[in-house]
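Inside the fold
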Amino acid sequence: MIPPLLIILAVIGSSSHAAAWNDLGHMMVSAIAYEQLTPETRQKVTTLLKLNPKHATWVANVPEDEKPRIAFLRASRWADDIKLDPAYEQDGSQNGNRPSGRESARNVGYEDRLQHKYWHFIDLPFSPDRTALVGPSSPNAQTQIALFRHTLTSTASSDSLKSYDLVWLIHLVADVHQPLHAVSRFDKAHMNGDDGGNGVMVCSPPCTAKERLHAFWDTVLGVSMDTTTAIETAKQLPAADPQLAAISDERVWIQESFEAAQMHVYVSPIGIGVGPFELTDSYKAAAQHVAGQRMALAGTRLANMLNDAFR
Ligand SMILES: [Zn+2]
C-alpha cells in the first residue's frame, strides 16, 4: 500500500533527459542511505563533502549537529544542479545527451566544469516491434559508477578527487535505480530510441496537460526541494529486501532497472509510439510502488557501498 501522503505528493513536474528522480527522490535515497552509514563512514563522508564548492550553501543556517546529514542530502542534487549553473558548460552532442571527445571520460575533479549529462543514464535498448536496436554510448552511468567507486578506495587519489567522485556516486547510484535511466525503447516511431521515455507523452484524465513518460516517473513520489520533507517521506517507504540490497554489482542494478522498465513502465496503457497515453489509477499506483522499492534499494545499496569503501 502507498501511504496517502505519497499519493497527495504525486503531482506533475518536468525534467530533462538526464534528471532522473527529481530533487525529492534523490534526497529520499540519501536520507535512507545516511541512516545506514556507520559512524566511521559518516565521519569520512562528512569530511569529503566539505571539499565540494557548494558545501557552505548546503549547510547555511543548518544547526551544527544536523549539518552532516543535510550536506549528504544536498550533495545528491549537485550533479543535476550543475546543469543549471552558468559556471558549467554543456558538453557532448545531442543537447549534451551523447558523449563526444576525450574529455567526456575524464575524471579530474572539481576543476572540471563540464556537465557530463550522459553520465546520468545508460540506454539499454529493447524493441516491442522488431525495430533495429542501437547499443548504449560510453561513458555512461555504468562506466562512471565503476570508475568512481574505485577512486574511493584508491590510495593514489587525492581527497579532492574522492570528494568529486563521491558526490557523483551519491547521485548516480540513485539514477540507475530509476527504470527509465537504464532503457531506450526502439519502435516504428522511435528509430533512434525514445531516450528513456522522453519521446513518449502521457497525461491524466481529462488530459488537458501532457508530460513526458520519463518526467512522470522522475516525480512519481512527489515534488519538493525541502530536506525535512525528503527525510519524512523516505521514512514512509518499506525497507529494502535485504537479499536484494546485498547485491553490490552495479551491472545487476542496471539490469534490474532495464527489466523493471519492460515489466512496469512500458505496459498498458502505454502503447507503441509517442502517445499521448492516458494514465490509469492502477498504472500510477503500481508506478509509486515500484519507484518506492527502487529508491529503498538504492539507498541501502549506496550505504553498503560507502561502508565497504571506508571500512
Ligand atoms: Zn541524474
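That block above? That's the structure.
A brief look at the structure comes next.

1. A short note on the overall build of the protein
A count of helical and extended segments in the protein gives 13 helices and five strands. The C-alpha atoms of the protein give 19 Å as radius of gyration, which agrees with the globular expectation for 311 residues (19 Å, within 12%). Along the longest, intermediate and shortest principal axes, the C-alpha atoms of the protein span 50 × 45 × 40 Å. Burial statistics for the protein: of 311 residues in total, 57% are counted as buried. Sequence-distant contacts in the protein: of pairs separated by 6 or more residues, those separated by 24 or more amount to 77%. Surface summary for the protein: the accessible area is close to 13400 Å², and the carbon and sulfur share equals 54%. Charge centroids of the protein, computed over 27 positive and 34 negative side chains, lie 1 Å from each other.

2. Some thoughts on the packing of aromatic side chains
Under the definition given, this model contains 13 aromatic pairs. Relative to Tyr 88, the ring of Trp 78 has its centre 6.0 Å away and its plane inclined at 90°; by these criteria the two rings are edge-to-face. You can see Trp 78 sitting in helix α6 (residues 78–81) and its partner Tyr 88 sitting in the loop between α6 and β1 (125–126), a full ten residues away along the chain. The same class applies to Trp 78 as to Tyr 88, namely buried. Considering the side-chain rings of Phe 216 and Trp 217, the 6.3 Å spacing of their centres and the 85° angle between planes classify their relative orientation as edge-to-face. Overall, Phe 216 belongs to the buried group, its relative accessible area being 8%. Among the aromatic residues, those joined into a cluster by ring pairs are Trp 78, Tyr 88, Tyr 110 and Tyr 164. Sitting above the plane of the Tyr 88 ring, Arg 113 keeps its charged end 5.1 Å from the centroid.

Parameters and conventions
- Residues numbered from 1 in each chain as written.
- Predicted model: local features only at pLDDT ≥ 70, side-chain atom pairs only at ≥ 80, totals over all residues.
- Heavy atoms only, no water.
- Helix = DSSP H or I, 4+ residues; strand = E, 2+ residues; numbered from the N terminus.
- Rg over C-alpha atoms; globule rule 2.2 N^0.38 Å.
- Buried < 20%, exposed > 50% of the residue type's maximum accessible area, 1.4 Å probe, protein only.
- Contact = heavy atoms within 4.5 Å.
- Areas by Shrake-Rupley, 256 points an atom, 1.4 Å probe, with all protein chains shown as cover.
- Lys, Arg positive; Asp, Glu negative; His and termini not counted.
- Charge placed at Lys NZ, Arg CZ, Asp CG, Glu CD.
- Phe/Tyr/Trp six-rings, centres within 6.5 Å; stacked < 30°, edge-to-face > 60°.
- Lys NZ or Arg CZ within 6 Å of the ring centre and 35° of its normal.

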